[in-house]
Amino acid sequence: MRFRVWTRQAILFMGLVTALWISIALPVVAQEVNEPRFDQEGNLLRPEVGYREWVYVGTPLTPNDMNGGKAPFPEFHSVYIRPSDWAHYKKTGTFRDGTMLVKELISVGSKVATSGQGYFMGEFIGLEATIKSAKRFPNEPGNWAYFSFTPEGSPMMSQEWKPHGGPFKDKSPAFPTAACAACHQAAAAEDMVFTQYYPVLRAAKPKK
Ligand code: HEC
């Protein structure tokens, strides 16, 4: 009988160790999913599709047919902010150091639905991101750097086109200031972010 008591205790102990491990490891894993990952050359690795579970802030739309057949960023732009950065924005109305926003480009799939004529989302065709970091980007305006994983020639309706996530680039360098940041600096409403087009952020901003 001694043996059985020992086994029971051993099982109990293993159970406790597992529970402890899970409670420590799980938050770390959850955090890593949302942390931007860089390679040694400073390229941002393509974020996991987990960003679709971040906080959604708005969807600007620049359809190709209103932009001479080829919008610079075609067509729907679904913009997401990291949950921890959202919490900070909601509290302070500012984008904290480390803030990351992702903009996913989605084609216009159909222009008619039972609800009427319009623009309806098609396939994922591009992915952009911006990160504010004083440590990594001390010389960029507002410390924001801009990245693109959108393949050349997107919207990709070629043979290679794979809906739901490919063939995006695996990594992106921080783009030159003139290529992205300059326009954001000149035209965005708030700390280089286009909050004028994100009703969710405007509604969340604390009233003075
Ligand atoms: C000519 C102006 C202009 C340039 C150049 C530009 N953007 Fe933007 N960007 C915008 C506008 C306007 C929005 C918001 C509305 C929209 O998405 O169309 C935006 C929104 C974004 C967002 C969503 C977060 C935010 O800041 O509002 C990301 C990410 C982004 N751009 C990435 C890029 C990248 C990467 C480049 C360079 C390759 C770039 N942008 C170049 C005008 C510009």
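Just so you know, these numbers come straight off a predicted model, no measurement behind them.

We now examine the site of the ligand. With respect to spatial proximity, 20 residues lie near the ligand, and among them His 77, Cys 180, Cys 183, His 184 and Tyr 198 are the closest. A distance of 2.6 Å separates an oxygen atom of the ligand from a polar side-chain atom of His 77. Residue His 184 places a side-chain N or O atom 2.9 Å away from a nitrogen atom belonging to the ligand. Mapping the ligand onto the cavity grids shows that it belongs to the largest pocket. At the level of secondary structure, the elements contributing two or more residues to the shell around the ligand comprise β3 (76-81), β5 (116-132), β6 (144-148) and α3 (181-187).

Let's shift gears to unusual backbone geometry. Geometrically, the link from Pro 74 to Glu 75 is a cis peptide bond, its omega value of -15° lying close to zero. Topologically, Glu 75 is positioned in the loop between β2 (55-58) and β3. The phi angle at Asn 143 is positive, at roughly 65°, despite the residue not being glycine. Among the secondary structure elements, Asn 143 is positioned in the loop between β5 and β6. Positive phi outside glycine occurs at Asp 191, with the angle close to 45°. Within the secondary structure, Asp 191 sits in the loop between α3 and α4 (199-204).

Bringing the packing of aromatic side chains into the picture now. One pass over the full model with this rule turns up 9 aromatic pairs. A ring pair is formed by Tyr 56 and Tyr 80, whose centres lie 6.0 Å apart and whose planes are at 65°; its orientation type is edge-to-face. Taken together, the positions of Tyr 56 in strand β2 and Tyr 80 in strand β3 put the pair 24 residues apart, joining distant regions of the chain. With a relative accessible area of 11%, Tyr 80 lands in the buried category. An aromatic cluster of three or more residues is present, and its members are Tyr 51, Trp 54, Tyr 56 and Tyr 80. Of note, Lys 103 hangs over the ring of Phe 73, and the distance from its end group to the ring centre comes to 4.1 Å. The ring of Phe 38 carries the charged tip of Arg 136 above its face, separated from the ring centre by 3.6 Å.

For the rest of this paragraph, the subject is the coordination of the iron atom of the ligand. You will see that the iron atom of the ligand has only one donor from the protein, His 184 (NE2), lying 2.1 Å away. The topology assignment puts His 184 in helix α3.

So, about the environment of Tyr 119. Take Tyr 119: it is sitting in strand β5. Separated by 10 residues in the primary sequence, Tyr 119 and Gly 109 place their C-alpha atoms 7.5 Å from one another. When residues no more than four places from it in sequence are discounted, the contact partners of Tyr 119 are Leu 61, Pro 63, Asp 65, Met 66, Phe 76, Val 108, Ser 110 and Lys 111. A distance of 2.9 Å separates polar atoms of two side chains, one belonging to Tyr 119 and the other to Asp 65.

As a further point, take the pairing of strand β4 (residues 100-113). For a regular strand, side chains alternate in direction, first toward one face of the sheet and then toward the other. The pairing of β3 with β4 spans 6 bridges and is classified as antiparallel. By the bridge assignment, His 77 is partnered in β4 with Leu 105. One ladder, built from 11 bridges, connects β4 with β5; its direction is antiparallel. In the strand pairing of β5, Leu 101 is matched with Thr 130.

Quick look at helix α2 (residues 83-92) now. Taken as a whole, α2 has its buried residues at Asp 85, Trp 86 and Tyr 89. Buried residues of α2 fall within an arc of 100° about the axis and therefore sit on the same side. Remark: Gly 93 follows α2 within two positions and exhibits a positive phi of approximately 75°.

Here the focus is the layout of surface pockets. The space that makes up the largest pocket amounts to roughly 910 Å³. For the largest pocket, the lining is made up of 38 residues, of which Phe 73, His 77, Lys 103, Glu 128 and His 184 are closest to its centre. Taken together, the elements giving at least two residues each to the lining of the largest pocket come down to β3, β4, β5, β6 and α3. Counting residues per element, the lining of the largest pocket draws most heavily on β5, which supplies 5 residues. Counted by class, the lining of the largest pocket contains 23 nonpolar, 10 polar and 5 charged residues. Here the second largest pocket is characterised by a volume of approximately 170 Å³. Forming the walls of the second largest pocket are Glu 35, Pro 36, Phe 38, Arg 82, Gly 98, Ile 131, Ser 133, Lys 135 and Arg 136.

About the cut-offs
- Residues numbered from 1 in each chain as written.
- Predicted model: local features only at pLDDT ≥ 70, side-chain atom pairs only at ≥ 80, totals over all residues.
- Heavy atoms only, no water.
- Near = heavy atom within 4 Å.
- Polar contact = N/O pair within 3.5 Å; in protein donor to acceptor, adjacent residues only side chain to side chain.
- 1 Å grid on protein atoms, 1.4 Å probe; cavity = no way out; pocket = protein on both sides within 12 Å on 5 of 7 lines; lining within 4 Å.
- Sits in = over half its atoms within 2 Å of the grid points.
- Helix = DSSP H or I, 4+ residues; strand = E, 2+ residues; numbered from the N terminus.
- Phe/Tyr/Trp six-rings, centres within 6.5 Å; stacked < 30°, edge-to-face > 60°.
- Buried < 20%, exposed > 50% of the residue type's maximum accessible area, 1.4 Å probe, protein only.
- Lys NZ or Arg CZ within 6 Å of the ring centre and 35° of its normal.
- Donors = N, O, S within 2.8 Å, 3.2 Å for Na, K, Ca; no water.
- Contact = heavy atoms within 4.5 Å.
- Pairing = 2+ DSSP bridges.
- Arc of directions from axis to C-beta.
- Points joined across faces, edges and corners; volume = space filled by probe spheres on them.
- Nonpolar A, V, L, I, M, F, W, Y, C, P; charged D, E, K, R; others polar.

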